[in-house]
Amino acid sequence: MIRIPLALPPTLLALSAAAATAAEPLKPKSATASSTLGDLSAAKAIDGKVSDASRWVSKPSSDPAWLAVDLGSVQLLAGIHLFSGFGDSDAISDFKIQFWSGGEWTDIPSASIRGNKATALAIPFDQTVAVKTDKLRLWVQASHQGYARVKELVVWPASAGDLPPLPKGQPGGSNQADIPLIYLNQSGFNLGKPKRFTAPTLADGTRFIVRPAKGGDALAEGTITGKIGDFSSFNPSGETEYVVEAGGLVSVPFRIGPNWLERVSYQDAVDFMIDSRHYVGDHRNECRGSFGWRDDHHFGWELHTLVPQWLSNPSAYERMPRQVKYEKPGNKKLWGALEPYRDDAPDLVKLIHWGADIIVTQQVSHEHLKAQLAYFLYAWPTLEAWLPEQNYQAVRDFAFRTWADPKKDHSYPYDESPEHNLLALKTRIGSTKGSLPPGASIEPNLLMHEVAKREKRPDAAIYLDAAVKQAEWMVKHLDWNDPLVTKGQRMSEFITVTGLAHLLREYPDQAPEGLPNKLNEWAKVLIRRSGNLWDFRKLGDEPDKWTPMGEKQQMWNEPGNVVGLPAPILAARGFITGKDDQQRLDQLVWSHFDNMFGRNPVGRHFSFDAPREVEGVEHGWFRFYVGGIGQLADARFVIDGSPKNGHYPYNPGAGDIGWTEGWVQFNTAFNISLAYLAWSESKVELAKEGDELVIRLTAPLNFDYGKAETGTVTVASGLGDTERVTVTEDSASSGTFTGRLKLASGKAASKGDGALQFQPGTTVRASHGFGYLGRHATLKP
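Now for a quick tour of the structure. Here the structure is a predicted model, which is why all the values come from computation and not from measurement.

Rules used throughout
- Residues numbered from 1 in each chain as written.
- Predicted model: local features only at pLDDT ≥ 70, side-chain atom pairs only at ≥ 80, totals over all residues.
- Heavy atoms only, no water.
- Helix = DSSP H or I, 4+ residues; strand = E, 2+ residues; numbered from the N terminus.
- Rg over C-alpha atoms; globule rule 2.2 N^0.38 Å.
- Buried < 20%, exposed > 50% of the residue type's maximum accessible area, 1.4 Å probe, protein only.
- Contact = heavy atoms within 4.5 Å.
- Areas by Shrake-Rupley, 256 points an atom, 1.4 Å probe, with all protein chains shown as cover.
- 1 Å grid on protein atoms, 1.4 Å probe; cavity = no way out; pocket = protein on both sides within 12 Å on 5 of 7 lines; lining within 4 Å.
- Points joined across faces, edges and corners; volume = space filled by probe spheres on them.
- Nonpolar A, V, L, I, M, F, W, Y, C, P; charged D, E, K, R; others polar.
- Lys, Arg positive; Asp, Glu negative; His and termini not counted.
- Salt bridge = Lys/Arg side-chain N within 4 Å of Asp/Glu carboxyl O.
- Polar contact = N/O pair within 3.5 Å; in protein donor to acceptor, adjacent residues only side chain to side chain.
- Core = buried A, V, L, I, M, F, W, Y, C linked by side-chain atoms within 4.5 Å.
- Pairing = 2+ DSSP bridges.
- Axes fitted to C-alpha atoms, helices over the stretch in contact; angles between N-to-C directions.
- Parallel < 35°, antiparallel > 145°, perpendicular 65-115°, else oblique.
- Left-handed = near helix turned anticlockwise from the far one by under 90°.

**Quick word on the overall build of the protein chain**
Here is step 1 of the chain: Counting secondary structure elements, the protein chain contains 17 helices and 26 strands.
Here is step 2 of the chain: Over its C-alpha atoms the protein chain spans a radius of gyration of 27 Å, differing by no more than 12% from the 28 Å that the globule rule assigns to 781 residues.
Here is step 3 of the chain: Principal-axis analysis of the C-alpha atoms gives the protein chain an extent of 95 × 65 × 50 Å.
Here is step 4 of the chain: Every one of the 781 residues in the protein chain was classed for burial, and the buried ones make up 61%.
Here is step 5 of the chain: Within the protein chain, residue pairs in contact and separated by at least 24 positions form 70% of the contacts whose partners lie at least 6 positions apart.
Here is step 6 of the chain: Split by element, the accessible area of the protein chain, about 27700 Å² in all, is 50% carbon and sulfur.

Here it is as structure tokens:
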């Protein structure tokens, strides 16, 4: 789909200036153009009028047209509003904004637009380059019938603050007055999980009810306390829509069902990763600072998160429709070192292949990029059914060869790593950009340890030793009260605690002695900072420290931190000793998912397109970002923005403030939370009945409530026989799955023959998923 901002009717520019701020745009000195059609001169594009009668139009040509604006003095700029076309059509489609710097025209990376159909655009200038200049140029590469039509180009100085929004918002960006004042997950809630809402305008003690959206009696009720209502005990069956009603207010309708969040999110999460790929996604031009995904830089964490999704719930991804087709590289220096996958491979497997292929082909050796390869290698036993053996060998050889190399292949923007030896102790903590979170090497080294053991390498122990030493340093030196080591890492925060918890769970005898207590201290700080009307983990303990802020207008958009927080909570929960703390953490897992879906001070889903892409969502984010390095305007399920510090604790009237721009890092943070959620909700059980093995699976696979769905469990015997068993839901929407497998005692191993060869007294192992994020059960038949 194409995300199209609202086209404005002819109107005075004053409407734009009054959109959200008293700040004024600049008044340019003059304008010139490549050509002029009749009296539709360049000066009319800067005269303060948005009108078809007062605009610049170029002569028709197949060559680029341009409009240059002289600002009269050097200014630091925030961005522009651009009004083009005729009426509500014929917008300029392909163009870029340039600024005069060092005696030449320089492209602004965030202001390169292709395929545009919108006649009104707000184009902020991002922090990749400081746009400080006295001249701007609009360079038009494609327009309707070769005419460049510009009604007005409005230039906003950085001194005015954030770039103001366009008048009256855009489709999907609901008027704030239309959003009900009972804030909750607009889509719905999972059965058996916390269900809470916030009513900031209602007094504590106000009675609330939950009733059918179409009217009817109260089905659940309670009392608002601390501005929060809780109806977690309400777990109905069926497909009814409900609303919360209290104090004369009524919420948006929502659903309650098994695995509801997963049902409405899994396919969307994969769709985004498909569309946002570099070179082969929905935008084909090369993007600066990008590798496998557009604008990912070296800290996109793609395989850190895609592989856990696969490990935790492979059945869900195996049964998805196939969208990705292999594309041969036009330039073999970009990808192609890995031979193609099977056509019928699941899209998630194809995405994992893509991420590894880019890194190996381009021979990139930044520590975070080569660390991604550990995930590919670790997961190989689950990938080899769809990928050639050559893939494993190529990735393995590159990873082991470069792992301890302190050098990088080239300079990386935003790089805070002092060196790139993944076995070295890391003592530097990165900034709020999120490019160097504490402990980033722990989990990759744990995975490489397992790969090295599988390869029977004599150096296998060095990877585990490096992870343990890193954890020892963190236990000793990290202070969870310092926001920089938690929420201050934004979307990369999950890296720290998931790595520590992985070490403690899989290697308890080698883990530092103080690690369990360290995780409990982390939980205490998180719980303390979440004691507010949103159940929202704040940046700090001070009343006004809700989200990170910085000195530039781009600092900071943090939806990735919110949607990524459930992952470390779920990873650490098993080590939290207090029952009350465990229950509170359960609430916080879901309050942060709910925050994404509308339980926040503006009542909006974090994605602008959520009303069109996510079942049950009415109100999307204020706007989306047009252009940028990532060029995500047309991608599906972009996580665009989240409430800023100025919106909290409750200030919806602040409107569309701060920076909004989708980023692959925000979506990968959501992906890791989906992975840990699947792991936390899954269970495998084994029993013997006669000569059959009975396999029972509980997992988030119940997405179609009207039919009995299926999954796959892998069963292995001590004789080396492995069988894939289809498990079928016990009844429609039951959420539990059962399969049976014949046991053949004493026979020679024979894979895939429909019976499991085993020796009495040996252990049979059943797995859904794989390794540290799989669920396993054993039995001695």
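Continuing now.
**A few points about the layout of surface pockets**
Here is step 1 of the chain: Put simply, the largest pocket is a space of about 750 Å³.
Here is step 2 of the chain: Looking at the largest pocket, it is lined by 24 residues, and the ones nearest its centre are P381, T382, T714, T722 and F770.
Here is step 3 of the chain: For the lining of the largest pocket, the elements supplying multiple residues, two or more each, are α4 (314-318), α7 (380-383), β21 (710-716), β22 (722-729) and β25 (764-768).
Here is step 4 of the chain: By residue number, the principal contributor to the lining of the largest pocket is β21, which donates four residues.
Here is step 5 of the chain: Partitioning the lining of the largest pocket into residue classes produces eight nonpolar, ten polar and six charged.

**With respect to the side chain of R490**
Here is step 1 of the chain: Structurally, R490 can be placed in the loop between α10 (460-477) and α11 (494-506).
Here is step 2 of the chain: Despite its burial, R490 pairs with no opposite charge, the nearest such side chain being E558 at 7.1 Å.
Here is step 3 of the chain: Among the polar contacts made by the side chain of R490, one reaches the main-chain carbonyl oxygen of T432 at a distance of 2.9 Å.
Here is step 4 of the chain: Those residues in contact with R490 that sit more than four places away from it in its chain are T432, K433, P548, W556, N557, E558, N561, W663 and F666.

**Focus: the nonpolar core**
Here is step 1 of the chain: By size, the foremost hydrophobic cluster in this structure holds 162 residues, and its most contacted members are F376 and V715.
Here is step 2 of the chain: Of the residues forming this core, the biggest block, eleven residues, is contributed by helix α17 (residues 664-681).
Here is step 3 of the chain: Apart from the residues within four sequence positions on either side, F376 is in contact with L303, V307, I352, H353, A356, L383, L387, N391, Y392 and V395.
Here is step 4 of the chain: Listed in part, the 39 residues of the second largest apolar core include I80, A111, L121 and F125.

**A look at the sheet that holds strand β14 (residues 220-223)**
Here is step 1 of the chain: If you trace the four strands from one edge of the open sheet to the other, you get β14-β13-β16-β17, paired in antiparallel fashion. The open sheet has two edge strands, β14 and β17 (249-250), and neither has a second partner.

**Notes on the packing of α11 against α17**
Geometrically, a packed helix pair is captured by the angle between its two axes and the distance between the axes.
Here is step 1 of the chain: At their nearest, the axes of α11 and α17 sit 12 Å apart, and the two run at 30 degrees to each other. Between α11 and α17, the crossing angle belongs to the class labelled roughly parallel. In this structure, α11 crosses over α17, and the sense of that crossing is left-handed. Along the contact surface, α11 presents F494, T498 and R505, while α17 presents A669, I672, Y676 and W679.
Here is step 2 of the chain: In the contact of α11 with α17, the residues fall into five nonpolar, one polar and one charged.

**Here we look at empty space enclosed by the protein**
Here is step 1 of the chain: Tallied over the full model, the rule gives eleven cavities of 30 Å³ or more.
Here is step 2 of the chain: Considered as a void within the structure, the second largest cavity measures approximately 80 Å³ in volume.
Here is step 3 of the chain: Looking at the lining of the second largest cavity, its residues break down into seven nonpolar, no polar and four charged.

**Considerations on the pairing of strand β7 (residues 104-113)**
Here is step 1 of the chain: Sheet topology note: the strand β6 (residues 94-101)/β7 ladder contains six bridges and is antiparallel. Directly across from S101, in β7, lies its bridge partner E104.
Here is step 2 of the chain: Following β6, the chain reverses through two residues before pairing antiparallel with β7; G102 in that reversal takes a positive phi of roughly 60 degrees.

**Describing the pattern of salt bridges**
Here is step 1 of the chain: Overall, the coordinates contain 42 salt bridges when judged by the stated rule.
Here is step 2 of the chain: Notably, a salt bridge pairs E367 with K426, separated by 3.0 Å at the nearest N-O pair. Separated by 59 residues along the polypeptide, E367 in helix α6 (residues 367-378) and K426 in the loop between α8 (389-402) and α9 (442-454) bring together distant segments of the chain.
Here is step 3 of the chain: Judged by relative accessible area, E367 falls into the buried class, the value being 3%.
Here is step 4 of the chain: The buried category is assigned to K426, whose relative accessible area is 14%.
Here is step 5 of the chain: Across the pair R396 and E455 runs a salt bridge whose closest N-O atoms are separated by 3.4 Å. Pair noted here: R396 is in helix α8 and E455 is in the loop between α9 and α10, with a separation of 59 residues, a long-range link.
Here is step 6 of the chain: Connected through shared salt-bridge partners, R196, D230, D535, R584 and R599 make up one network.

**Looking at the side chain of D271**
Here is step 1 of the chain: Note on placement: D271 falls in helix α2 (residues 260-275).
Here is step 2 of the chain: With residues up to four places along the chain from it excluded, the contact list for D271 reads Q323 and R636.

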